[in-house]
Amino acid sequence: MAVCNTPSSTFAAIWIAFLSSIMLFHEPGVPKLESNSVQGCSEVFIVEGPIDYLLLWQWGYPTVATLGSRVKREYIETLQAFSRVYLVPHRDDAGRQMWRECKVAFGNRLRTVLVPEELKDIGDLAEKVAAPVRVFAQLVGEAR
């Protein structure tokens, strides 16, 4: 059976197409702010992955995803348009490296929103914490 005929690969193709239509950086080397969740906003939330992106977008936060722990130079240049940048890194070595790079890039405009230590990311927060939207709002308030 060909891989392209499997339900999982069909789902993956649809998922990738969906993500490419809403993410910040959907064309290699050509960053664009096309997501409705960030147009006209003065603040932006940066996350690593698609699940974190979708959760914050659903919770009403202007969010972009880097689709990895690296924030490329062209992404940083595009994100300079925002007066406040909230980074929501994963709680791992890659997330700490992402924070260091963003601290240099955005300076005093950067705010870091960390999920509780026992969790890895926004996905964990949504899955394992009662009232995750309220908890995240508190974390953002603490970061301001």
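In what follows, the structure referred to is the one given above.
About the cut-offs
- Residues numbered from 1 in each chain as written.
- Predicted model: local features only at pLDDT ≥ 70, side-chain atom pairs only at ≥ 80, totals over all residues.
- Heavy atoms only, no water.
- Buried < 20%, exposed > 50% of the residue type's maximum accessible area, 1.4 Å probe, protein only.
- Helix = DSSP H or I, 4+ residues; strand = E, 2+ residues; numbered from the N terminus.
- Pairing = 2+ DSSP bridges.
- Right-handed = clockwise from strand over helix to strand, strands pointing away.
- Axes fitted to C-alpha atoms, helices over the stretch in contact; angles between N-to-C directions.
- Contact = heavy atoms within 4.5 Å.
- Core = buried A, V, L, I, M, F, W, Y, C linked by side-chain atoms within 4.5 Å.

Undergrad: Sorry, what's going on with the pairing of strand β1 (residues 43-47) here?
TA: The side chains of a regular strand alternate between the sheet's two faces. Most of β1 sits out of view: four of its five residues are buried. Alignment of β1 against strand β2 (residues 63-65), held across three bridges, turns out to be parallel. Looking at β2, one finds that Val 47 is bridged to Ala 65. With respect to chirality, the unit in which β1 leads through helix α2 (residues 50-58) into the neighbouring parallel β2 is right-handed.

Undergrad: For this particular structure, what's the right way to read the sheet that holds β2?
TA: Within a sheet, neighbouring strands are paired by backbone hydrogen bonds and run either parallel or antiparallel to one another. A sheet is described by the order of its strands in space; here four strands give the open sequence β2-β1-β3-β4, paired in parallel fashion. Strand pairing shows two members of the sheet lacking a second neighbour, β2 and β4 (110-112), which therefore form its edges. Between one strand axis and the next, the sheet turns by 25° as a mean value, whatever way the strands run. In this structure, strand β3 (residues 84-87) lies alongside β4, joined through three bridges in parallel fashion. If you follow Tyr 86 over to β4, its bridge partner there is Arg 111. Relative to β2, α2 is tilted by about 175°, and along the sheet it contacts β1 and β2.

Undergrad: Would you mind going over the nonpolar core with me for this structure?
TA: As a rule of thumb, soluble globular proteins bury nonpolar side chains together. With 21 residues, the main nonpolar core has Phe 45, Leu 56, Val 113, Ile 122 and Phe 136 as its most contacted residues. Contributions of two or more residues to this core are made by β1, α2, α5 (122-128) and α6 (132-143). Here this core takes five residues from α6, the largest share from any one element. For Leu 56, the contacting residues outside a window of four places in its chain are Phe 45, Val 47, Tyr 61, Thr 63, Val 88, Ile 122 and Phe 136. By size, the runner-up hydrophobic cluster in this structure holds 15 residues, among which are Val 71, Phe 82, Leu 87 and Phe 106.

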